[in-house]
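# Tertiary structure, described
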Amino acid sequence: MEFKEQIKELAKRSKAASEKALTEEATKTSVILPFIQSLGFDPFNLDEVIPEYVSDVGTKKGEKVDFALKINGETKILIEVKPITSSLGNTQYNQLYRYFGVTEANLAILTNGREAWFFSDIDAPNKMDKKPFFKFDLQKHDEDEIEELSRFQKDVFSIESILEAASALKYSHAAAQYLKTQLDEPDDEFVKLIGRKIHDGMLTRNVVEQIRPAIQSAIEIIVRDRIQDRLDIAFRPKSDTTKTDGGTTPEEPKSDIITTDEEKEAFMMVKAIAAKTIPTERITIRDAKSYCSVFVDDNNRKPLCRFYFNAKSKNVLGLFDPDKNEEKFELTTLEDIYKHADAIAQTAASYV
């Protein structure tokens, strides 16, 4: 079975365990052992997988970490398991932290059968970082995250390449979080950094406050332009390259449903707003004769909003609350969509 298929089956196990597995042992049996197996380790071979791994740590004698994974006789990965009913964000993992410093393992996994958090020693050698460099949600993930998880398979395991990728992930995630914060509310330091490039003279308090909205607007424009570039590709007609028996290419069937430039621009705005709470690739558009719908995951059970732009006299925006009740608002200009940003973001967040 291919790795992606194994992860798909693992997702089913994790969802079932969320309803039925009430203890740590149940979580281990139903999800963690299959997870270890999906990484290419034999959970029934003690040369590869050691349960209840014991290594005395200072004054802490007889402490155990749930699993140690070995490759060619060397301990490579430590795994600590928590019940699937627990939140990893509130979990104490002191044992894993202590074990990391006294074993040869450079990789540690904390998991509750729903999430798997991956730690290494990027900040200081032989000292487990306080924050994971990679998080994998067994129930909700994308293709890129599966590709990242595949690095930890036994057959391709390379601690050097993993640590290199871990370092890149750590800094890219930190940078993304910082830029997201600045997009929402640029701080003085960020405003001054850009202000030095665009303003001649002293950056007084008044100047900083004057250019702050302009910088925030500029960031939003960049985001919208990036989204528009992707939309231009998404809406580009696809030519039918299927040949007929005569060797000619049949003409694409024409539709009387046309997604207008206004609808595309409105979709770009909604996508920019919703991107603060969910990945942009989950936000999709589907046109119809009387209105144009925006969904999450291209699922009509996850409506985000509707554009009623076909009337000559006015444009109307239909918004859905988390209970899928629709309320309509007349738009004087398309920019009025931003007045409803909080409602759009709230509905998008309900589909997380």
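Refer to the structure printed above.
What this report covers is the structure whose coordinates are included nearby. (Residues numbered from 1 in each chain as written. Predicted model: local features only at pLDDT ≥ 70, side-chain atom pairs only at ≥ 80, totals over all residues. Heavy atoms only, no water.)

Before going further, it helps to spend a moment on the side chain of Asp-121. For Asp-121, the position within the fold is in the loop between β5 (115-119) and β6 (134-137). Residue Asp-121 is classed as buried on the basis of its relative accessible area, which comes to 12%. Within the structure, Asp-121 has its side chain in polar contact with the side chain of Ser-120 (distance 3.2 Å). Contacts of Asp-121, omitting those with residues within four sequence positions, involve Phe-100, Asn-106, Asn-126, Lys-127, Asp-129 and Leu-163. (Helix = DSSP H or I, 4+ residues; strand = E, 2+ residues; numbered from the N terminus. Buried < 20%, exposed > 50% of the residue type's maximum accessible area, 1.4 Å probe, protein only. Polar contact = N/O pair within 3.5 Å; in protein donor to acceptor, adjacent residues only side chain to side chain. Contact = heavy atoms within 4.5 Å.)

Right, let's talk about unusual backbone geometry for a bit. Leaving glycine aside, a negative phi is the common case for residues, and trans is the common case for peptide bonds. Phi at Glu-52 takes a positive value of approximately 50 degrees, unusual for a residue other than glycine. For Glu-52, a relative accessible area of 35% corresponds to the partly exposed category. One non-glycine residue with positive phi stands out, namely Lys-324, at about 70 degrees. Turning to its location among the elements, Lys-324 is positioned in the loop between β10 (315-320) and β11 (326-331). By relative accessible area, Lys-324 is classed as partly exposed at 41%.

Quick look at the packing of helix α1 (residues 3-20) against helix α2 (residues 24-38) now. To describe two helices that pack against each other, one gives the angle between their axes and the distance between the axes. One way to put it is that α1 packs onto α2 with a least axis distance of 9 Å and a crossing angle of 170 degrees. Classified by the interaxial angle, the pair formed by α1 and α2 is roughly antiparallel. Each of Phe-3, Gln-6, Ile-7, Leu-10, Arg-13, Ser-14 and Ala-17 in α1 lies in contact with α2, whose residues at this interface are Ser-30, Val-31, Pro-34, Phe-35, Gln-37 and Ser-38. In terms of residue class, the contact of α1 with α2 is built from seven nonpolar, five polar and one charged. (Axes fitted to C-alpha atoms, helices over the stretch in contact; angles between N-to-C directions. Parallel < 35°, antiparallel > 145°, perpendicular 65-115°, else oblique. Nonpolar A, V, L, I, M, F, W, Y, C, P; charged D, E, K, R; others polar.)

To continue, consider the pattern of salt bridges. Under the counting rule described, the total for this entry stands at 22 salt bridges. Across the salt bridge formed by Lys-28 and Glu-24, the nearest N and O atoms sit 3.6 Å from each other. Within this pair, Lys-28 and its partner Glu-24 are both found in helix α2, separated by four residues, close to a single helical turn. Residue Lys-28 is classed as buried on the basis of its relative accessible area, which comes to 5%. The exposure class assigned to Glu-24 is partly exposed, which follows from its relative accessible area of 25%. The salt bridge involving Lys-82 is made with Glu-80; its shortest N-O contact spans 3.0 Å. What emerges from the salt-bridge pattern is a single network uniting Glu-24, Glu-25, Lys-28, Glu-52 and Asp-66. (Salt bridge = Lys/Arg side-chain N within 4 Å of Asp/Glu carboxyl O.)

Judged by nonpolar contacts, the single largest core of 35 residues is most densely connected at Phe-118, Phe-133, Leu-149 and Phe-152. In contact with Leu-149, not counting residues within four places along its chain, are Phe-3, Ile-7, Phe-35, Leu-39, Phe-118, Phe-134 and Phe-136. Grouped together as the second largest cluster of nonpolar side chains are 25 residues, Ile-283, Phe-307, Ala-348 and Tyr-351 included. (Core = buried A, V, L, I, M, F, W, Y, C linked by side-chain atoms within 4.5 Å.)

This paragraph deals with the sheet that holds strand β9 (residues 299-308). Taken in spatial order, the five strands of this open sheet run β7-β8-β9-β10-β11, and their pairing is antiparallel. Looking at strand neighbours, the two that pair on one side only are β7 (283-287) and β11, the edges of this open sheet. Neighbour to neighbour, the strand axes of the sheet diverge by 30 degrees on average, direction disregarded. Pairing analysis gives five bridges linking β7 to strand β8 (residues 292-296), with the strands arranged antiparallel. Following the sheet pairing, Thr-284 is matched in β8 by Phe-295. (Pairing = 2+ DSSP bridges.)

This paragraph deals with a negative patch on the surface. Together, Asp-142, Asp-144, Glu-147 and Glu-281 give the surface a local cluster of negative charge. Within the secondary structure layout, Glu-147 lies in helix α4 (residues 143-149). According to the relative accessible area criterion, Glu-147 is exposed, its value standing at 54%. (Patch = residues over 30% accessible without salt bridge, like charges linked within 9 Å, V, L, I, M, F, W, Y side chains within 5 Å. Areas by Shrake-Rupley, 256 points an atom, 1.4 Å probe, with all protein chains shown as cover. Lys, Arg positive; Asp, Glu negative; His and termini not counted. Charge placed at Lys NZ, Arg CZ, Asp CG, Glu CD.)

Here we come to the layout of surface pockets. A volume near 2,400 Å³ is recorded for the largest pocket. Secondary structure elements with two or more residues in the lining of the largest pocket: β6, α4, α5 (159-184) and α7 (205-234). Here the lining of the largest pocket takes nine residues from α5, the largest share from any one element. (1 Å grid on protein atoms, 1.4 Å probe; cavity = no way out; pocket = protein on both sides within 12 Å on 5 of 7 lines; lining within 4 Å. Points joined across faces, edges and corners; volume = space filled by probe spheres on them.)

This brings us to the environment of Thr-85. Structurally, Thr-85 is set in the loop between β3 (74-81) and α3 (94-102). Sequence separation between Thr-85 and Ser-18 is 67 residues, and the spatial gap between their C-alpha atoms is 7.0 Å. Aside from chain neighbours lying at most four places away, what touches Thr-85 is Ala-21 and Leu-22.

What follows deals with the pairing of strand β2 (residues 64-71). Most of β2 is tucked away: six of the eight residues are buried. Pairing of strand β1 (residues 49-54) with β2 involves five bridges; the strand directions are antiparallel. Along β2, the bridge assignment pairs Tyr-53 with Val-65. Here β2 runs beside β3; their pairing, made up of five bridges, is antiparallel. Note on β3: the bridge partner recorded for Phe-67 is Ile-79.

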